[in-house]
Structure formats: structure tokens, C-alpha cells
Amino acid sequence: MRDPDLAREATRQLTICNACRYCEGYCAVFPALELRQTFTGGDIAYLASLCHDCRACYYACMYAPPHPFAVNLPRTLAAVRTDTYRRHTWPAVLGQLHSRSTAAAVVAAGVALLVTLWAAWLAGERLFQVHTGPGAFYRVIPHWAMLVVGLGLGGYWMAVWAIAGVRFWRESTTGAMRVQARALGLAAWDVLRLRWLGGGDAGCPYPTERPSQSRRISHGLVFYGFLAAFASTTSAAIYQELLGRLPPYPVVSLPVLLGSAGGVAMIAGCLGLWQQKRHSDQAPAAAETLGSDYVFLIALGMTNVTGMLTLFLRQTPLMGVTLAVHLGTVAGLYVTAAHGKFIHAVYRVLALVRSRAEQRTGHLPLEVAPAARHHAGAIDPDGSVPPQ
């Protein structure tokens, strides 16, 4: 970790939690924590990415502020995650965007504006004309221009994610780790059911101390909406490249049905997450992550709003404008996805895979044998536990 003070503070709090273990049933962090007595920088980054910020541990913790121990694991692990994102980002100069939300917003908005203007310039006088029938979109903005945005910026996004994922995996795993197919399957099942957004059985105490399923539902709308949109894009590519059918497609067609369902779901999910974040308790929140969260929600929400507008207005003179704006917002989203909050998906999935692999194979260094349980009252403020 770059920040030694943050590393020391995270180690102190994790050591206290490891001695207490009151929260071991809340999420995957605590079972993984209990397999260790010491914490490397890679361990801390791994545990931070296992945290889903449900905050159940914070509200249950007897050592949370105003207790002198001041244990605030959600806030500390959120700060560790931001540090991890910065260190593993490629190119390194853009790593600062993870903690400088204003700069990230300016870059994303700038890219979106440039691409919108470029698309409008390519369209020329065709921008405000009515175009219908197969190939109507490409009569406004050439197919090659859409490929430049889709494959160029999309490929850049995937490359940044791949590099970050490899760096994180190397840092967080000590030595060779064998990941069996069953561990991969269980981790995938954890992801698909958003298991650790449940905060135990009662739900996630977010945005306030009262448990509810609202955050899990909003995340589910965004997650499954994104999968539906990806399926829509894939089916549209099959229609065009394999079946020779050019867009726009009928309302009752697989690309439009999947895209519409995904778009509506993501708009609803983004609004839900926005509202919850606005009213969330700031005590367990890391201030440096809030801006990045909002930038991501705006970029994703705007992309889906402009996509739905393009669908509704595609037989009117406004189709060209909405299509150009949509292409611009897609470009801005790709930049945000590569260097913003969206990248947490990569780290969280890899952390869940490692967690399942540890449980399946018992792959642990010898020095991290299971720690002994100590009485909570015997913990020192620095996280040490006096001899019993």
C-alpha cells in the first residue's frame, strides 16, 4: 500500500476484529480474516475487496466510535479499496481519477462532448432529417464511427480492467493458488445472487441503521440490467453480421426487448442507489469515494436515458441528435468504467474467487493458522491481545 498510515490503521482495526469475532456471520470478510494472524498489504487489499460496504459490522460493533478503539471497518476498507484502484490502474497517471471525482467528471464529460460533436459533424445536414427502415442509424452516423467508439474505447476499457485484475491477483495471493472449477462456480453463484449485500439474513443496514433489502434490489437492477443490455448488443451483432439484418429492429425483437428491459432496470437501479447514497449515514462512509460513486451513477444513468430516448424518437427528426448524444454518453461511460467506481466489480469478483478457493483448498501460508479466540474485553486499543 502507498499510504503507510492507512496500512497501519487497517491492520490495527483488523487485528481487533480478529480478536473479537462478533461479526463473523455477517459477510465473507470475517471468515477470511479469521484465517490470519498477520496481514500483508495484499491481504488487506483482498479483505477490502471482499467488503460490500453493507455496514452491518459497524452498527453491531461495540468498539465503533465513540469507543476509544474507534473501529470503523467500512470506512477504512473503503479507503483501502480506493488506494488499491489507484495503484493498479493503467496508465498510472490516470490512477488519481479514482479519488478526484471532479477531475474524473470533467474527463468523462469532455470525452462525451467531443464524441457527440464529432458524431454530429459526421452527420452534417442528415442530423435533423427523418430516417427510417433498415440501416437508418448508419445513414446518420456511419457504421465505422460507431465501431471506433464501441471497439476502440470499449477495448481500452477491457484492457484497463484486465491489467488491474492481474496486478490485484498477484498482490493478493501469496505463492501459487490452485483455483478449482467448483470454487469458480461457487464464487459465480455468490455474484449472481448478490449474496453479501444481504448483511446477514435481515438485509443491509444501508442507508441507515435499519436493515432492508433496498440496496440489494437497486444493485440487482443495475447488475441484471447491465447483463440484459450486453445480451441485447450481442444479439444485435448476430442479427447484423450473421443474419444480414440492419438496425433499427422492430420493438418486438430480441435486441430491442433485451435492451429496453436492461435500460429501464439500470435507470431504476441508478435512481435507487442515488437516493440511498444521498440519505446514507456518513459516519461509516469514506469521503474520498462518494464523488466517484456519483460520477458512475450519472454516467450509467445518462447512457441509458439517451438510449431509451433514441428508441422512442427513432422515427422523428430528433433521432439523429439523440443518437449522437447517446454515442457520446457511451464513450463517457467507457472512460468512467475504466477509471471509476465501476472497476470495483473486477476486484470484488476476484476476491470472492480467492475466498472460495481458500475455503475449498485450505491454501494458506503456515504462519496464518487459525487464530485463537480471545475474550473481547482483553483487547488493547492498538489491536494487540494480552496473553491469557
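Thresholds, definitions, all that
- Residues numbered from 1 in each chain as written.
- Predicted model: local features only at pLDDT ≥ 70, side-chain atom pairs only at ≥ 80, totals over all residues.
- Heavy atoms only, no water.
- Axes fitted to C-alpha atoms, helices over the stretch in contact; angles between N-to-C directions.
- Helix = DSSP H or I, 4+ residues; strand = E, 2+ residues; numbered from the N terminus.
- Parallel < 35°, antiparallel > 145°, perpendicular 65-115°, else oblique.
- Left-handed = near helix turned anticlockwise from the far one by under 90°.
- Contact = heavy atoms within 4.5 Å.
- Nonpolar A, V, L, I, M, F, W, Y, C, P; charged D, E, K, R; others polar.
- Buried < 20%, exposed > 50% of the residue type's maximum accessible area, 1.4 Å probe, protein only.

## Considerations on the packing of helix 11 (residues 254-278) against helix 12 (residues 287-312)
At step 1: One way to put it is that helix 11 packs onto helix 12 with a least axis distance of 9 Å and a crossing angle of 150°. Here helix 11 is positioned roughly antiparallel relative to helix 12, judged by the angle of their axes. With respect to the hand of their crossing, helix 11 and helix 12 are arranged in left-handed fashion. For the pair helix 11 and helix 12, contact is made by V256, S260, G262, G263, V264, M266, I267, C270, L273, W274, K277 and R278 and by L290, D293, Y294, L297, I298, L300, G301, N304, V305, M308 and L311, respectively.
At step 2: In terms of residue class, the contact of helix 11 with helix 12 is made up of 15 nonpolar, five polar and three charged.

## Quick word on the environment of C51
At step 1: Residue position: C51 is located in the loop between helix 3 (41-50) and helix 4 (56-60).
At step 2: For C51, a relative accessible area of 9% corresponds to the buried category.
At step 3: Along the primary structure C51 and G25 are separated by 26 residues, whereas in three dimensions their C-alpha atoms are 13 Å apart.
At step 4: Those residues in contact with C51 that lie beyond four places of it in its chain are V29, L77, R81 and R348.

## A few points about the packing of helix 6 (residues 101-123) against helix 8 (residues 143-172)
At step 1: Viewed as axis vectors pointing N to C, helix 6 and helix 8 meet at an angle of 160°, and their least axial separation amounts to 11 Å. Taken together, the axes of helix 6 and helix 8 are roughly antiparallel relative to one another. Considering how the two elements wind past one another, helix 6 and helix 8 form a crossing that is right-handed. Across the interface between the two elements, V111, V115, W118 and L122 from helix 6 touch W144, A145, V148, V149 and L153 from helix 8.
At step 2: Residue composition of the contact of helix 6 with helix 8, grouped by class: nine nonpolar, no polar and no charged.

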